[in-house]
Amino acid sequence: MDFRFVMPALDSRSATSLAAVVHERTGSDVDIRIGGSEVRLDDATRSAVLELLTQLATGRAVAVGTVDELLTTSHAAEVLGVSDTYVRRLADAGDLPIEMRGTHRRFRLEDLLRHRDRFR
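Everything numeric in this text was worked out from a predicted model, so none of it was measured.

Participant: So what exactly am I meant to see when it comes to the overall build of the chain here?
Facilitator: What the chain contains, in helices and strands, is five helices and seven strands. Put simply, the chain runs from its N terminus to its C terminus through helices and strands in the order β-α-β-β-α-β-β-α-α-β-β-α. A compact globule built from 120 residues would reach a C-alpha radius of gyration of about 14 Å, whereas the chain, at 17 Å, exceeds it by more than 25%. Dimensions of the chain, computed from C-alpha atoms along their principal axes, come out at roughly 50 × 30 × 25 Å. For the chain, the residues scored as buried account for 21% of the 120 residues in total. Within the chain, residue pairs in contact and separated by at least 24 positions form 58% of the contacts whose partners lie at least 6 positions apart. Carbon together with sulfur atoms contributes 51% to the accessible area of the chain, which is approximately 8400 Å² in total.

Okay, here's the thing in structure tokens:
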């Protein structure tokens, strides 16, 4: 993964203010303005923006970056928050779909997120 931006945790006052607004808006439309222009977001993008704001509102630091189509075992472990060894075990047991590139396991981000959400 290539992290392009790391946002440190907000101070508690800012996080509390943001939390109040995010909590109000999670069930309704979200308006995004960039330089005075309103931008309409599709459902997936709106969810991503709300997740970013929610994480900041809870006082957590956030890293934003690009993700390759296929991830290495190390990157898969990072996404899942587990060790490389555990990811290899999951893959070998058939609990995580893999694509082989020569002798290397590769993982699709969608599969990792689905697995992560199943066990949250």
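Structure's up, so let's keep going.
Participant: How do you make sense of the nonpolar core when you look at a structure like this?
Facilitator: Counting residues in each nonpolar core, the largest one holds eleven residues, listed as Leu71, Ala76, Ala77, Val79, Leu80, Val87, Leu90, Ala91, Leu96, Phe107 and Leu112. Among the secondary structure elements, those contributing two or more residues to this core are helix 3 (73-80) and helix 4 (84-92). The greatest single-element share of this core, amounting to four residues, is contributed by helix 3. Ignoring anything within four residues of it in the chain, the contact list for Ala76 reads Leu71, Val87, Phe107 and Leu112. Listed in part, the six residues of the second largest apolar core include Leu18, Leu50, Ala57 and Val62.

Thresholds applied
Residues numbered from 1 in each chain as written. Predicted model: local features only at pLDDT ≥ 70, side-chain atom pairs only at ≥ 80, totals over all residues. Heavy atoms only, no water. Helix = DSSP H or I, 4+ residues; strand = E, 2+ residues; numbered from the N terminus. Rg over C-alpha atoms; globule rule 2.2 N^0.38 Å. Buried < 20%, exposed > 50% of the residue type's maximum accessible area, 1.4 Å probe, protein only. Contact = heavy atoms within 4.5 Å. Areas by Shrake-Rupley, 256 points an atom, 1.4 Å probe, with all protein chains shown as cover. Core = buried A, V, L, I, M, F, W, Y, C linked by side-chain atoms within 4.5 Å.

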